[in-house]
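Chain by chain, the residues run as shown.
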Number of protein chains: 2
Amino acid sequence: MRTSSKKGKLALVAGEGDLPLVILKNLVASGETPVVYAIRPDWQDIEAYGVSVIPVKEINLVKIFGSLVFRRIKRLLLAGYVSKTVIYDDSADSEIKGIVAGLDDRNDHALLGAVIDRVEKLGISVLGYDSILPDMIAPEGRIAGPEPSSSDLVDVDYGRAVLGRLLPLSFGQSLVVCRRSVVAVEAMEGTDETVKRAGDISGAGVLVKGMRADQDRRYDIPVVGTKTLDSMSESGLSCLAVEAGNVLIMDREKLSEAASRLGISVIGVASCPSS
Amino acid sequence: MRTSSKKGKLALVAGEGDLPLVILKNLVASGETPVVYAIRPDWQDIEAYGVSVIPVKEINLVKIFGSLVFRRIKRLLLAGYVSKTVIYDDSADSEIKGIVAGLDDRNDHALLGAVIDRVEKLGISVLGYDSILPDMIAPEGRIAGPEPSSSDLVDVDYGRAVLGRLLPLSFGQSLVVCRRSVVAVEAMEGTDETVKRAGDISGAGVLVKGMRADQDRRYDIPVVGTKTLDSMSESGLSCLAVEAGNVLIMDREKLSEAASRLGISVIGVASCPSS
């Protein structure tokens, strides 16, 4: 179905990593033909999808906003990693300098939020993945692999209760539970390091992952994929539980294959209770 | 001052590690001459302190309780690590089997709590370190090293607020904060590993350590010492903040020397607010 014309022209801002390519593949499959602003060195990869690509070598917001308006873009999707050095460059344009000057807190999170507010003032909606790619968002229930064991479900429930207390605290997104004890908690080291540590300590257990209260579903949603399952398998973990509606699955087909092959259950659970 | 006779005979149950030796040194210095039950291979070290030593090779509670009563012990202090394998041995005596049978939850924590309840039923008080060795417990205010910087104090306050939310959750005891962001959170890996990870990620920041809600000040109090400061120094951390009243300092004199030499501030802070 072609919905672009009805809903307004779509642009994808593609940072680094595989996520923008997977998003683009899914967008094209759903009938969307976005203009892609590529903030990544390998922008030629993107042309293979038959869409227009605008390589962005330095982030000049005056130019980018002008281009969005000129092309009558009405909807914007953000995906992938953008290096902080690019944003805090000394050669920042007047638009960025103005935004930075208006910030109370000079961190990446506040800056990106302010840039998005500015984009929306141009009459462009910044989309959540759930609104445009609902199939990529974790649903509730079994997602891939075997049914979880009853003892894994006990650990998942325990992990959900603990994670519900952590997610409002602005750090980390995941933890590993084994026999109703918290083995490892993620802060800045990332999920893979956390899983690896749990492998060294318990060599068994479940991984529970959710979205922090300070994350924005439109540009900062937690992601899981086959890499997550590979780490879990190396560490002896048997079940991945993700918050339904709040976690993006990189490539459902590959994830299903890996989950079955590795014998890891992947399930979506209701949002972690925060109290 | 000799207070033993007035307060009743004291026994020290000495597990493995340096802590029992430091405790014993402090006890002797304060005029106490405890009987030592040594659940550790190197019990000969203990005789150097001029106290009676009873080497315990297998934990037979019937025998130990009998000995405590026979010696008219009235006060008991527990220190050091006791291997779980010793306790859950198949050769457990009838007293242990009875205690284990009465447990709802068969974990080390519940077992030790039940053993202590049993000891107290014999008319023996299990002491907290604060009651018998108040000088070893972290006070509020500056403890060692230089005055903390104002930015470190901001990070300590932030860490206290986060730790106050974590300590009721039955995992970990410490976290590292750098520029009002949580860098690393301790679960089962222990404080040293957590500090090491923070070194790899931020290479700067403060360590905040407190006592979990499920810890018992009488036998499971958090400990800091020069080893903590050495890890912090290697990781570039500049301030150690411990919960006043809830953390034991291994050797105050050595800690002071190390803190000054390494330029690390050690401070005691009021209990972390739990909400």
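Fair warning: this is a prediction, and the values are worked out from it, not measured in the lab.

### Looking at the sheet that holds strand β1 (residues 9-14) of chain A
Residues and elements named next belong to chain A. Read across the sheet, 5 strands follow the order β3-β2-β1-β4-β5 without closing on themselves; strand pairing throughout is parallel. Every interior strand has two partners, whereas the edge strands, β3 (53-55) and β5 (125-126), have only one. Of the pairings in the sheet, the one linking strand β4 (residues 73-79) to β5 comprises 2 bridges and is parallel in character. In the strand pairing of β5, arginine 75 is matched with serine 125.

### Remarks on the pattern of salt bridges
According to the stated counting rule, one finds 28 salt bridges over all chains in the structure shown. Here the residues in one salt-bridge network are Glu189(A), Arg197(A), Glu189(B) and Arg197(B), joined through shared partners.

### Overview of the pairing of strand β9 (residues 206-209) of chain B
All names here are of chain B. Residues Val206 and Val208 point to one face of β9 and Leu207 and Lys209 to the other, with burial holding for every one of them. Where strand β7 (residues 174-178) meets β9, 4 bridges bridge the pair, whose relative direction is antiparallel. Of the residues in β9, the one forming a bridge with valine 177 is valine 206. Of the pairings in the sheet, the one linking β9 to strand β11 (residues 239-243) comprises 4 bridges and is parallel in character. Across the sheet, residue valine 208 finds its bridge partner in β11, namely alanine 241.

### Examining a positive patch on the surface
On the surface, Lys9(A), Arg71(A), Arg72(A) and Lys74(A) cluster together into a positively charged patch. In this structure, Lys9(A) sits in strand β1.

### A closer look at the relation of the copies chain B and chain A
Of the transformation placing chain B onto chain A, the axial shift is 0.0 Å and the rotation is 180°, giving an RMSD of 0.0 Å. Here the copies are linked by what is in effect a two-fold axis. Rotation axis and chain B: the residue whose C-alpha lies nearest the axis is Val185(B), separated from it by 3.1 Å. Residue by residue, 100% of the interface of chain B is reproduced at the interface of chain A, so both copies engage with the same surface.

### Observations regarding the state of the cysteines
Between two cysteines, a covalent bond joining their sulfur atoms is known as a disulfide. Residue and element names in this part refer to chain A. Summed over the entire model, instances satisfying the criterion amount to 0 disulfides over all chains. Unpaired in this structure, cysteine 178 has its nearest cysteine sulfur neighbour in cysteine 239, at a distance of 12 Å. Under the relative-accessibility criterion, cysteine 178 is labelled buried at 14%. Among the residues examined, cysteine 239 registers a relative accessible area of 0% and is labelled buried.

### Quick look at the domain arrangement of chain A
Residue and element names in this part refer to chain A. Domains assigned within chain A are domain 1 (4-129) and domain 2 (137-269). Between domain 1 and domain 2, the C-alpha centre-to-centre distance is 29 Å. In this assembly, 15 residues from domain 1 lie in contact with 12 residues from domain 2. When the area that domain 1 buries against domain 2 is broken down by residue, the three leading residues are Leu19, His109 and Tyr129, summing to 47%. In this assembly, domain 1 and domain 2 are joined by 0 residue pairs in polar contact (both at pLDDT 80 or more). Elements that contribute at least two residues to the side of domain 1 that touches domain 2 include exactly α2 (19-29) and α7 (108-121). Among the elements that take part in the side of domain 1 that touches domain 2, α7 stands out by supplying 5 residues, more than any other. Residue composition of the side of domain 1 that touches domain 2, grouped by class: 9 nonpolar, 3 polar and 3 charged.

Analysis parameters
Residues numbered from 1 in each chain as written. Chains lettered and ligands numbered in written order. Predicted model: local features only at pLDDT ≥ 70, side-chain atom pairs only at ≥ 80, totals over all residues. Heavy atoms only, no water. Pairing = 2+ DSSP bridges. Helix = DSSP H or I, 4+ residues; strand = E, 2+ residues; numbered from the N terminus. Salt bridge = Lys/Arg side-chain N within 4 Å of Asp/Glu carboxyl O. Buried < 20%, exposed > 50% of the residue type's maximum accessible area, 1.4 Å probe, protein only. Patch = residues over 30% accessible without salt bridge, like charges linked within 9 Å, V, L, I, M, F, W, Y side chains within 5 Å. Areas by Shrake-Rupley, 256 points an atom, 1.4 Å probe, with all protein chains shown as cover. Lys, Arg positive; Asp, Glu negative; His and termini not counted. Charge placed at Lys NZ, Arg CZ, Asp CG, Glu CD. Least-squares fit on C-alpha atoms with pLDDT ≥ 70 in both. Contact = heavy atoms within 4.5 Å. Disulfide = S-S within 2.5 Å. Domains from an automatic or database assignment. Buried area = accessible area lost by both parts, 1.4 Å probe. Polar contact = N/O pair within 3.5 Å; in protein donor to acceptor, adjacent residues only side chain to side chain. Nonpolar A, V, L, I, M, F, W, Y, C, P; charged D, E, K, R; others polar.

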